[in-house]
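# Notes for the structure review
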2 protein chains.
Amino acid sequence: MHKFVRKLLTAWRKLGLPFEGAGFIAAVSGGADSVGLLLALHDLRIRKKLKNRFVVAHFDHRLRGVESERDAQFVRELAEKLQFEFVCGKGEISKKGNLEQNARIARYGFLRETAEALGAYGILTAHTINDQAETFLLNLLRGSGALGLSGMKAVSAGGQVPGSGFQVSSFREEKHSRLSTLDSRLILVRPLLNWAKREDTKDFCRDCEIEFRNDAMNDDLRFSRVRVRKELIPKLQEFNPKIVETLARTADLLREEYIEGEETKSQRPNANDKYLVLKQLKMLSKSMLYKVLREWLKQKRGNLRGLELKHIEAIERLIVSRKSGKIVELPQGETVIKENGKLLFETKKH
Amino acid sequence: MHKFVRKLLTAWRKLGLPFEGAGFIAAVSGGADSVGLLLALHDLRIRKKLKNRFVVAHFDHRLRGVESERDAQFVRELAEKLQFEFVCGKGEISKKGNLEQNARIARYGFLRETAEALGAYGILTAHTINDQAETFLLNLLRGSGALGLSGMKAVSAGGQVPGSGFQVSSFREEKHSRLSTLDSRLILVRPLLNWAKREDTKDFCRDCEIEFRNDAMNDDLRFSRVRVRKELIPKLQEFNPKIVETLARTADLLREEYIEGEETKSQRPNANDKYLVLKQLKMLSKSMLYKVLREWLKQKRGNLRGLELKHIEAIERLIVSRKSGKIVELPQGETVIKENGKLLFETKKH
């Protein structure tokens, strides 16, 4: 099994997605990301790892004349070749206001209505780590604050899918039998988001010897997202070659801390505890774990000075891995020690 | 009164700093920021707006040979000219590890010990909005996470001043009488942080016809802070000309949300309330206010979708200003209305 396919399967499992009985709409533009996702889904279906019904959905924004039609034709042919059902929507995108946003709203409107019409369990999109990082930067530049800096989730409620107003055509009426569902609530799934970089999807397409389409808009420097990708990120890479991963991780952490963290505060172990029990820590989500560790260390140290993400990550490894030793060193000679199923905090010995 | 001086006085008042009886150590490197601060303090002292004792403290890192000595001489002469007491420290900075960090630790060690020796109330440093933005970017590039992205505070406890190990020399023994204090706990104050840009300090120095020193290290591209200032920020300005202010505000908000927000959660108005009472809201800190509004809106709307910082800011204006009208429009036709001393939430009328 190709590494890319194996990683998708792992992500599918981690996200708690159903392996059969629930249908998905896969949004495929024809670009490397969505073609890569489709190829991997195809592979998993052939291997009977995934027995879900998958319907390929393409939205033709009709913004680039004959090129738009060629994209639609390309996706249709690919879907047929791989024996996926295919649905195509066409939109008249308003040129008033933000074109990208109007296009996105129309596209998601189509995807959502298609999913609902087919009784699908969820919509799959091929967002990658790069999309997460680019969105983070766009929001940072825009000053949209903590809320906007919080990253996309790999699985979100369908209610969070933007959209309305579109035309559906080329709809295969005969395929409209409702898909079986495990849950009536539509979810939006980004199964590549946590692990795949854009390069990975391109490499996978090449390894499969399947072409993908290049959207000329992806090179149009009038779009701020394109300028972020082509001008800003390369500049940032001069400072940190892994900036894309770094920004995506930051967006993740901010979302977890801000939005998810708020709701489950009462369920956490107490920061005043003399020690933390490993078994309890292992049951926490990553976001909760980080919060608990931060609060516990703040309590023990009196402040959070000098404490960096790498320290928290090292303690996380201490908790989850048997191989990671027994001690994490913190600034100023302080340590966190794993002992008898517990985490203990020790200050510097004078 | 010069605008710069007036703004410093306003900041001094807003930060709740004492106008007399409490002594401060003013850290002056000789650069535009600290010289600007000193000139403004001088002006306020002449006008008897501030009656505190101020002692100018300069730390000679001895990293740039004769230039270092000239800086010290420059600050000494300026202090004498303006009739400030003057203290100079000299350090042997270890070249092992991070030079900038070693220099900072030595400098703050000197400032702290000087302040303690003189029984000062606080230490003043001349950090500007630009320093806040640069620090934010350095931490973002480093991937230091939410904690690291939280900005500096305009007033922080002295315990948060880094430092140890230094030599004090050229100390004016006769000035060592203890300053009167309002509080035995040393604070670190950055009175320019919330409003002054680096350009403002330069302009103010020029308007006063007082020269300032240029530290050659400020142009040394081997330092990542210098590269952030000279290469990254100009690139970011192509996307957002106000990026420095935007980043500083983001750093502020993240700190307020993360670190300060955590501790006072129990004191907040309840997000389940049908309406929010203006009088109660006005008593909250900005960070608390934002949190309360966010939670209240989440409760009312079911989610935070489409909600941006600008909406929260508009509601804040609604609360604090009489001139701001009675309604803030939110996405999807929802509104927040000010009525009879309360904030009400209304959904779209169908």
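Please read these numbers as outputs of a predicted model, since none were measured by experiment. (Residues numbered from 1 in each chain as written. Chains lettered and ligands numbered in written order. Predicted model: local features only at pLDDT ≥ 70, side-chain atom pairs only at ≥ 80, totals over all residues. Heavy atoms only, no water.)

Attention shifts here to the overall build of chain A. Helices and strands together make up the secondary structure of chain A, namely twelve helices and eleven strands. Every one of the 350 residues in chain A was classed for burial, and the buried ones make up 52%. A separation of at least 24 residues holds for 74% of the contacts in chain A among residues at least 6 apart in sequence. As displayed, chain A has an accessible area near 16,800 Å², and 46% of this comes from carbon and sulfur atoms. (Helix = DSSP H or I, 4+ residues; strand = E, 2+ residues; numbered from the N terminus. Buried < 20%, exposed > 50% of the residue type's maximum accessible area, 1.4 Å probe, protein only. Contact = heavy atoms within 4.5 Å. Areas by Shrake-Rupley, 256 points an atom, 1.4 Å probe, with all protein chains shown as cover.)

On to the side chain of E313(A), then. Residues and elements named next belong to chain A. Relative to the helices and strands, E313 resides in helix α12 (residues 309-320). Take E313: its relative accessible area is 16%, and that puts it in the buried class. Those residues in contact with E313 that sit more than four places away from it in its chain are R249 and Y290.

What follows covers the sheet that holds strand β11 (residues 342-346) of chain A. All names here are of chain A. Reading across the sheet, the four strands line up as β8-β11-β10-β9 and stay open at both edges, with antiparallel pairing between neighbours. At either end of the open sheet lies a strand with only one pairing partner, and these are β8 (276-277) and β9 (327-329). Sheet topology places strand β10 (residues 335-339) next to β11; five bridges connect them, and they run antiparallel. For K338, the partnering residue across the bridge sits in β11 and is L343. (Pairing = 2+ DSSP bridges.)

Tallied over the entire structure, the rule returns 16 aromatic pairs over all chains. An angle of 80 degrees between the planes, with centres 6.4 Å apart, marks the rings of W296(B) and F345(B) as edge-to-face. Highlighted residues: W296(B) in helix α11 (residues 286-301) and F345(B) in strand β11 (residues 342-346), separated in sequence by 49 residues. For the pair shown, W296(B) and F345(B) are each scored as buried. These aromatic residues form a ring-pair network of at least three members: W12(A), F24(A), F54(A) and Y121(A). The aromatic ring of F84(B) is capped on one face by R45(B), whose charged end is 3.9 Å from the ring centroid. Taking NZ or CZ as reference, K342(B) lies 4.4 Å from the ring centre of Y275(B), over its face. (Phe/Tyr/Trp six-rings, centres within 6.5 Å; stacked < 30°, edge-to-face > 60°. Lys NZ or Arg CZ within 6 Å of the ring centre and 35° of its normal.)

Residue and element names in this part refer to chain A. At a minimum axis distance of 10 Å, the contact between helix α5 (residues 129-142) and helix α8 (residues 224-237) shows a crossing angle of 95 degrees. As judged from the angle between their axes, α5 and α8 are roughly perpendicular. Counted together, D131, E134, T135, L137, L138 and L141 of α5 and S224, R225, V228, R229, L232, I233 and L236 of α8 form the full contact between these two elements. Looking at the contact of α5 with α8 residue by residue, the classes come out as seven nonpolar, two polar and four charged. (Axes fitted to C-alpha atoms, helices over the stretch in contact; angles between N-to-C directions. Parallel < 35°, antiparallel > 145°, perpendicular 65-115°, else oblique. Nonpolar A, V, L, I, M, F, W, Y, C, P; charged D, E, K, R; others polar.)

This paragraph deals with the packing of helix α2 (residues 32-46) of chain B against helix α7 (residues 198-207) of chain B. For any two helices packed against each other, the geometry comes down to the angle between their axes and how far apart the axes lie. All names here are of chain B. Between α2 and α7, whose axes approach to 8 Å, the crossing angle comes to 55 degrees. Comparing their axes, α7 and α2 come out oblique. Note on packing geometry: the crossing formed by α2 with α7 is left-handed. Here α2 contributes A32, D33, V35, G36, L39 and A40 to the contact with α7, which in turn contributes R198, T201, K202, F204 and C205. Its residues placed into classes, the contact of α2 with α7 shows six nonpolar, two polar and three charged. (Left-handed = near helix turned anticlockwise from the far one by under 90°.)

Attention now moves to the pairing of strand β10 (residues 335-339) of chain B. All names here are of chain B. β10 sits mainly inside the fold: four of its five residues count as buried. Of the pairings in the sheet, the one linking strand β9 (residues 327-329) to β10 comprises three bridges and is antiparallel in character. Directly across from I327, in β10, lies its bridge partner I337. If you look at the hairpin formed by β9 and β10, you'll find five residues sitting between the two strands, and Q332 has a positive phi there, around 60 degrees.

All names here are of chain B. Considering the arrangement of structural elements, one finds H42 in helix α2. Sequence separation between H42 and F84 is 42 residues, and the spatial gap between their C-alpha atoms is 8.3 Å. Apart from residues no more than four positions distant in its own chain, H42 is found in contact with L82 and F84.

Let's shift gears to the pattern of salt bridges. With the rule as written, the count across this model stands at 37 salt bridges over all chains. A salt bridge links E134(B) to R229(B); its shortest N-O distance comes to 3.1 Å. Of the two residues, E134(B) is situated in helix α5 (residues 129-142) and R229(B) in helix α8 (residues 224-239); the sequence distance between them amounts to 95 residues. Of the two residues examined, E134(B) and R229(B), each falls in the buried class. Salt bridges linked by common partners bring D33(A), D131(A), E134(A), R198(A), R225(A) and R229(A) together as one network. (Salt bridge = Lys/Arg side-chain N within 4 Å of Asp/Glu carboxyl O.)

Residue and element names in this part refer to chain A. Taking 1.5 Å per residue, 15 residues should reach 21 Å; helix α2 (residues 32-46) reaches 21 Å between its end C-alpha atoms and fits that length. The element α2 is extensively covered by neighbouring structure, given that twelve of its 15 residues are classed as buried. Residues A32, D33, S34, V35, G36, L37, L38, L39, A40, L41, H42 and L44 constitute the buried set of α2. Downstream of α2 by one or two residues, K48 has phi in the positive range, about 60 degrees. (Expected span 1.5 Å × (residues − 1).)

With respect to the element layout, V66(B) can be found in helix α3 (residues 65-81). Measuring from C-alpha to C-alpha, the distance between V66(B) and K153(B) comes to 34 Å, with 87 residues separating the pair along the chain.

These values are about where atoms sit, not about what they do.
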